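Observations on chain architecture
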Amino acid sequence: MSSAQDGASQAQPQGFPELQEVQDVQAGCQPQDGPAWQGGPQEGLELYQRVRDYQRQADTGGLEYQADSRGLGYAVVDLETTGLEPQDEAIIEVGVVLLDPHGREQLRWDSLVNPHRHPGPTRIHGITPDDLTYAPELGTLAPALVELLRGRVLVAHNIRFDASFLLPALRLELGAAALPRKISQVCTMNWARSFIDTPSRSLVRCCQVCGIELASHHRAIDDAAACAQLLSHYLGVIASEYELFPHGIPWGEQLAKAVQLWQQVPRCESSQVVRALQARVGR
């Protein structure tokens, strides 16, 4: 083997047997035109490797989790949509923040989504038709979203809204078998008054009470990041207030069970996931 080949071999990420397959599709991942492309092929590879590294324990059939009932962690999501009714409206932006079981941030990922229709109330979310011109369709992004959710508790502020859009949309794009029939969920809005003294459970008000910066409300990644910090605040209260939470995390069983719920769900093809991660278009 030549020295150049040795270097290439050493550069391959550990625990990533699909690397060559993913490298083979890199050339086809970048759009041919349009100004909205953000990030190079290597970014998708590195991000996918990080996601797979976090999932590595789950690949053993959950055996390693028997010694650690906290599970894999959380996938905190926020969506911007064209309206309020999932059967009539569409997703136009998605933000995801991954947290470990302690509430520490692992990564962020977001993208605009082209629904091939008007984005709806621009006065609220600030997204215009021009913003969506070069954005990928949800079907393109779906494999990445599934792998970001895999093995984790799904978290949102008013999760009934976000889950009612996201989960049916992913099943529609990838098939019912792409997700577990049941997904562990935590709603930071529903738990708000158990952890903070607030007259309103809105994300803005909860963040104000907890001293959390909400950079740009109704921007998906900023709302997801604020929700993630809110969940981290809840976990901090649980850790410090034993008398109030003698049994630990109230949703601890869901956290541990999340990995098991995904064990029978086949993984999306690595090339599709990397293509999806690379296809993101931000604001």
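The sections below set out a description of the structure shown in this document. What you are looking at is a predicted structure, and each value in this text was computed from that prediction instead of being measured. (Residues numbered from 1 in each chain as written. Predicted model: local features only at pLDDT ≥ 70, side-chain atom pairs only at ≥ 80, totals over all residues. Heavy atoms only, no water.)

1. Examining the packing of aromatic side chains
- All chains considered together, the criterion is met by 6 aromatic pairs.
- With centroids separated by 6.1 Å and ring planes inclined at 55 degrees, the aromatic side chains of Trp191 and Phe195 adopt a geometry described as tilted.
- Among the residues examined, Phe195 registers a relative accessible area of 10% and is labelled buried.
- Each residue in the set Trp191, Phe195, Tyr234, Phe245 and Trp251 is aromatic and connected to the rest through ring pairs, giving one cluster. (Phe/Tyr/Trp six-rings, centres within 6.5 Å; stacked < 30°, edge-to-face > 60°. Buried < 20%, exposed > 50% of the residue type's maximum accessible area, 1.4 Å probe, protein only.)

2. Regarding the environment of Ala178
- As for its position among the elements, Ala178 is in the loop between helix 6 (159-174) and strand 5 (185-187).
- A relative accessible area of 10% means that Ala178 is categorised as buried.
- With 32 residues separating them in the primary sequence, Ala178 and Val146 have C-alpha atoms 7.5 Å apart.
- Once you skip the residues sitting within four places of it in the chain, Ala178 turns out to touch Val146, Trp262 and Val265. (Helix = DSSP H or I, 4+ residues; strand = E, 2+ residues; numbered from the N terminus. Contact = heavy atoms within 4.5 Å.)

3. Regarding the environment of Ala279
- Looking at the secondary structure, you find Ala279 in the segment after helix 11 (270-278).
- Along the primary structure Ala279 and Glu137 are separated by 142 residues, whereas in three dimensions their C-alpha atoms are 9.4 Å apart.

4. A few points about the sheet that holds strand 2 (residues 91-99)
- Pairing in this open sheet of 5 strands is mixed, and the strands run 3-2-1-4-5 from one edge to the other. Lying at the two open borders of the sheet, with one neighbouring strand each, are strand 3 (105-112) and strand 5. Strand-to-strand twist across the sheet, computed as the mean angle between neighbouring axes with direction ignored, equals 20 degrees.
- Taken together, the 3 bridges between strand 4 (residues 153-156) and strand 5 define a ladder with parallel strand orientation. Residue pairing for strand 5: Val155 is matched across the bridge by Val186.
- The strands that helix 9 (residues 220-240) touches are strand 1 (74-81), strand 2, strand 3, strand 4 and strand 5; relative to strand 2, the one it contacts most, it runs at about 30 degrees. (Pairing = 2+ DSSP bridges. Axes fitted to C-alpha atoms, helices over the stretch in contact; angles between N-to-C directions.)

5. A short note on the side chain of Thr188
- One can find Thr188 in the loop between strand 5 and helix 7 (192-195).
- Residue Thr188 is classed as buried on the basis of its relative accessible area of 0%.
- Excluding anything up to four places from it in sequence, Thr188 contacts Val155, Ala156, His157, Cys227, Leu230, Leu231 and Tyr234.

6. Focus: the nonpolar core
- Within the largest apolar cluster, 43 residues are counted, with the highest numbers of intra-cluster contacts made by Ile91, Trp109, Leu145, Leu149, Leu154, Leu166 and Leu170.
- Listed by contribution, the elements that provide at least two residues to this core are helix 3 (41-55), strand 1, strand 2, strand 3, helix 5 (138-149), strand 4, helix 6 and helix 11.
- Once residues lying within four places of it in the same chain are set aside, the contact partners of Leu149 are Ala75, Val77, Leu154, Leu166, Leu167, Leu170 and Trp262.
- Grouped together as the second largest cluster of nonpolar side chains are 32 residues, Cys207, Cys227, Leu231 and Leu235 included. (Core = buried A, V, L, I, M, F, W, Y, C linked by side-chain atoms within 4.5 Å.)

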